[in-house]
Amino acid sequence: MNNLYHAPLYIQIEDLLEKKILSKKYLPGSKIPSERDLARQYGVNRMTVKKAIDSLKKKGLLYRKQGSGTFVTSVTPDKENVYFNLSFTDKNSNSGISELLTKNGIHFSNEVVGTDLITGNAFFNEKLKLNDESGVFALHRIREIKERPFAIEYNYLPAKLFPDASQVDFKNVSLYDYMDSKKHRPVHFSQFIQVIPALTKEARLLKIKKGDLLYYIIYYGYDEQGNAVEYTESYLISEELNLQFTLGGILGEKETY
C-alpha cells in the first residue's frame with residue numbers, strides 16, 4: 001500500500017489553498033492569486049494548479065468569474081456544497097459514532113482495509129505538524145452495520161507517538177483506547193464537513209452508486225499537551241444516517257472508536 005498514500009502534487013496544492021480559505025487568509029469574496037502566480041509560488045506547473053483549483057471549485061470553495069479570475073465563495077452555492085467549520089474543546093462531548101450507535105442499540109463492526117507507515121510525505125507532515133522523518137501511521141477502515149458499509153475512515157497518526165500501532169488489531173481494538181494507552185488521546189478538535197458526490201473509489205468501497213451523496217468530514221485532533229495526534233478523513237453515506245442524527249450526533253460528538 002506504500003504508493004497509495006503519496007498524495008499527488010495537485011492534492012497537496014489543493015490542501016494548501018483550502019487551508020488558507022478555511023483559515024480566512026483568503027477571505028470570502030476575495031480574489032486569489034492567478035494560476036501563473038500560484039505555480040511560481042509553489043514551484044509547479046500551471047496544469048497542476050488548475051487541477052487543484054478545479055477540485056476546490058467542485059467543493060464549492062472557489063468560483064471563476066470570466067475575465068476577472070478566481071474568487072473565494074462568499075455564500076453557499078447550493079445545498080450539495082454546504083461547508084461547515086466546527087471546533088470543539090469539550091472532551092466530554094466527543095462520544096462519536098460508536099457510542100451513538102451503541103446507545104441506539106445498533107451493532108457495528110470494523111473492516112481494516114489497510115495500514116502503512118508513510119515517510120517523507122509533505123502532505124501528511126503538514127497536517128500533523130511534523131518536521132522530521134519519523135513518519136505517519138495510516139489506518140484505513142470501513143465501518144459496517146449488519147455487514148453493510150456505512151462509512152469509510154482514513155486515520156493518520158504521528159508514528160513517533162504511536163510506535164507500535166502497526167501491531168494492534170484495529171478490527172477489534174478501539175483506536176482511541178489505544179491512543180489513550182499512549183497518553184495521547186485527542187481531546188481538542190477542529191472539524192469540517194461537506195456534502196459531496198461519491199467518486200469511484202468510495203462508491204466501490206461503500207457499495208453505492210457513483211454520484212450518491214456522502215458526508216465528507218475532516219478531523220484534526222490534539223492531545224492535552226496540544227500535540228497534533230490525528231488527521232482523519234471520513235466518508236459517510238447520507239441515506240444511512242439521517243441529517244438530524246448525523247449533524248446532531250457525529251458533528252457534536254467526535255469519533256471514539
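What comes next is a walk through the structure. Residue indices follow the written sequence of each chain, beginning from 1 at its first position. Residues qualify for local features only when their pLDDT is at least 70, as the model is predicted, and side-chain atom pairs are given and counted only at 80 or more; totals for whole chains, interfaces and linings, by contrast, use all residues. No hydrogens and no water enter the side-chain calculation; it runs on all heavy atoms of the structure.

**Here's the deal with the pattern of salt bridges**
Here is step 1: By salt bridge we mean one thing: a side-chain nitrogen of Lys or Arg within 4 Å of a carboxyl oxygen of Asp or Glu. For the structure on display, the rule yields 12 salt bridges.
Here is step 2: Residue Lys59 is joined to Glu14 by a salt bridge in which the shortest nitrogen-to-oxygen separation is 2.9 Å. With Lys59 in the loop between α3 (46-58) and β1 (62-65) and Glu14 in helix α1 (residues 9-22), this pair connects stretches of sequence that are 45 residues apart.
Here is step 3: Between Glu126 and Lys19 there is a salt bridge whose closest N-O contact spans 2.5 Å. Here Lys19 lies in helix α1 and Glu126 lies in helix α5 (residues 122-127), a separation of 107 residues in the sequence.
Here is step 4: Here the residues in one salt-bridge network are Glu35, Arg46, Lys50, Asp54 and Arg64, joined through shared partners. Each helix is a run of DSSP H or I of at least 4 residues and each strand a run of E of at least 2, with the numbering of both proceeding from the N terminus.

**Regarding the pairing of strand β7 (residues 188-197)**
Working note: regular strand, side chains alternate between the two faces of the sheet.
Here is step 1: Burial analysis of β7 places 7 of its 10 residues in the buried class, the great majority of the element.
Here is step 2: Bridge analysis of β7 against strand β8 (residues 213-222) gives 10 bridges, and the strand direction is antiparallel. When the sheet's bridge partners are listed, Ile193 is paired in β8 with Ile217. Working definition: with a 1.4 Å probe on protein chains only, accessible area under 20% of the residue-type maximum means buried, over 50% means exposed, and in between means partly exposed. Here the rule is simple: two strands pair whenever DSSP picks up at least two bridges between them.

**Focus: the environment of Glu111**
Here is step 1: Mapped onto the secondary structure, Glu111 falls in strand β4 (residues 109-118).
Here is step 2: Separated by 32 residues in sequence, Glu111 and Arg143 have C-alpha atoms that sit 6.5 Å apart.

**Things to note about the packing of α1 against helix α2 (residues 35-42)**
Here is step 1: Contact geometry of α1 with α2 gives a least axis separation of 12 Å together with a crossing angle of 110 degrees. Viewed along their axes, α1 and α2 adopt a mutual orientation that is roughly perpendicular. The segment α1 lies against α2, with Ile13, Leu16, Leu17 and Lys20 engaging Leu38, Gln41 and Tyr42.
Here is step 2: Charged residues are taken to be Asp, Glu, Lys and Arg, nonpolar residues to be Ala, Val, Leu, Ile, Met, Phe, Trp, Tyr, Cys and Pro, and polar residues to be all remaining types, Gly included. By residue class, the composition of the contact of α1 with α2 is 5 nonpolar, 1 polar and 1 charged. In this analysis an axis means a line fitted to C-alpha atoms, helices contributing only their contacting stretch, and an angle means the value between N-to-C directions, from 0 to 180 degrees. Roughly parallel covers angles under 35 degrees, roughly antiparallel covers those over 145, roughly perpendicular covers 65 to 115, and oblique covers all other angles. Contact between two residues is taken to exist if any of their heavy atoms lie within 4.5 Å; hydrogens are not considered.

**Details of the nonpolar core**
Here is step 1: The criterion is simple. A nonpolar core is a set of buried Ala, Val, Leu, Ile, Met, Phe, Trp, Tyr and Cys residues joined through side-chain atoms within 4.5 Å. Membership of the largest hydrophobic core comes to 26 residues, with the highest contact counts inside it found for Phe124, Val136, Tyr156, Ile208, Leu214, Tyr231 and Tyr235.
Here is step 2: When residues of this core are traced back to their parent elements, those giving at least two are α5, β5 (136-145), β6 (148-158), β7, α7 (200-206), β8 and β9 (228-237).
Here is step 3: With 15 residues, the next largest nonpolar core counts Ile32, Ala39, Ala52 and Ile53 among its residues.

**Re the packing of aromatic side chains**
Here is step 1: Within 6.5 Å between ring centres, the rings of Phe, Tyr and Trp (the latter by its six-membered ring) count as paired, and their orientation is classed by plane angle as stacked under 30 degrees, edge-to-face over 60, tilted in between. Counted by the stated rule, this structure contains 13 aromatic pairs.
Here is step 2: Each ring, one from Phe192 and one from Tyr220, has its centre 6.0 Å from the other, and the planes form 90 degrees; the classification is edge-to-face. Within this pair, whereas Phe192 is found in strand β7, its partner Tyr220 is found in strand β8, the two being separated by 28 residues in sequence. Both residues of the pair, Phe192 and Tyr220, count as buried.
Here is step 3: Ring pairs connect the aromatic residues Phe123, Phe124, Tyr156, Phe192, Tyr220 and Tyr231, which therefore count as one cluster.
Here is step 4: If you follow Lys51 out to its NZ or CZ, it ends over the ring of Tyr10, 4.4 Å from the centre.
Here is step 5: Whether a charge sits over a ring comes down to the Lys NZ or Arg CZ being within 6 Å of the ring centre and within 35 degrees of the ring normal. For Lys65, the ring lying beneath its charged end belongs to Phe71, and the centroid distance is 4.6 Å.

**Some remarks on the environment of Lys127**
Here is step 1: Relative to the helices and strands, Lys127 is located in helix α5.
Here is step 2: A relative accessible area of 4% means that Lys127 is categorised as buried.
Here is step 3: Taking C-alpha positions, Lys127 is 9.8 Å from Thr232, a pair spaced 105 residues apart along the chain.
Here is step 4: Other than its neighbours up to four places away in sequence, Lys127 contacts Asp15, Tyr220, Ala228 and Tyr231.
Here is step 5: Within the structure, the side chain of Lys127 is placed 2.7 Å from the side chain of Tyr220, a separation counted as a polar contact. Whenever two N or O atoms come within 3.5 Å, that pair is a polar contact, provided that in protein one can donate a hydrogen and the other can accept it, and provided that, for residues adjacent in sequence, both atoms are side-chain atoms.

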